[in-house]
Amino acid sequence: MDEMVHVLDHPLLQHKLSILRDERTGVKDFRAVVSEIATLMCYEATRDLPLEDVIIKTPVATGTFKALTGKKLAIVPILRAGLGMVDGILTLIPSAKVGHIGLYRDPETLEPVEYYCKMPSDISERDVIILDPMLATGGSASAAIQFIKNYEVKHIKLMNIIGAPEGLARVRHDHPDVEVYCAALDEKLNEHGYIVPGLGDAGDRIFGTK
């Protein structure tokens with residue numbers, strides 16, 4: 001696996017992912033576990049945040065310790081399934097700003113088309129993590145990354161709960177500078193573009209729609 005791809009195999013992640021895969025898991029539990037997985041993944045995806053020395057007086061003594069340098073972060077869910085991951089990230093980084101990007105697939109060209117995009121005004125100064133539970137064909141993820149790059153964002157990461165080899169290959173080909181984080185890399189896509197074995201349609205299972 002190349003160094004820009006991180007498959008996170010922590011036991012807690014794997015256990016929670018198995019709950020998501022189970023077709024018997026209901027909407028309430030599914031939504032809660034997606035959020036929990038996002039929190040756990042965020043812990044890994046932010047491992048390279050820069051630190052600075054700060055002087056702090058404890059009840060016992062004064063010492064020099066570490067604190068975040070104040071580097072600005074933004075998270076950008078791809079509508080609509082990516083919304084399910086937002087609260088889990090904000091649990092760890094409550095000061096992060098949230099942009100939104102909506103895409104649909106043109107039925108003729110099959111290419112992703114942006115129908116909604118709202119970003120923080122200072123997005124170009126922020127590190128961005130794009131959120132989408134499923135990385136299937138990679139078309140939407142690749143398009144979303146390009147839209148964010150159009151705002152002159154310099155540092156972008158992509159966070160998916162489950163990826164397919166086809167989607168990962170597409171993102172790596174189109175955007176070799178973007179790090180990808182996922183909790184599992186599954187076997188393949190089926191003829192309908194669903195990840196196998198996957199977990200079905202993440203958006204439908206998060207929001208209880210069909």
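Scoring rules and cut-offs
- Residues numbered from 1 in each chain as written.
- Predicted model: local features only at pLDDT ≥ 70, side-chain atom pairs only at ≥ 80, totals over all residues.
- Heavy atoms only, no water.
- Salt bridge = Lys/Arg side-chain N within 4 Å of Asp/Glu carboxyl O.
- Helix = DSSP H or I, 4+ residues; strand = E, 2+ residues; numbered from the N terminus.
- Buried < 20%, exposed > 50% of the residue type's maximum accessible area, 1.4 Å probe, protein only.

1. Let's talk about the pattern of salt bridges
Tallying each qualifying case throughout the model produces 14 salt bridges. As a salt-bridge pair, Glu 36 and Lys 16 come within 2.7 Å of each other at their nearest N and O atoms. Separated by 20 residues along the polypeptide, Glu 36 in helix H2 (residues 27-45) and Lys 16 in helix H1 (residues 11-21) bring together distant segments of the chain. Overall, Glu 36 belongs to the partly exposed group, its relative accessible area being 34%. Here Asp 53 and Lys 66 are joined by a salt bridge, their closest N and O atoms 2.7 Å apart.

2. Concerning unusual backbone geometry
Note the cis peptide between Leu 79 and Arg 80, where omega equals 5°. Summarising the element assignment, Arg 80 is placed in the loop between strand S4 (73-79) and helix H3 (86-92). The omega torsion of the bond from Val 196 to Pro 197 falls at 0°, within 30 degrees of zero and hence cis. Mapped onto the secondary structure, Pro 197 falls in the loop between strand S13 (195-196) and helix H6 (202-207). Even without glycine at this site, Glu 152 takes up a positive phi of about 65°.

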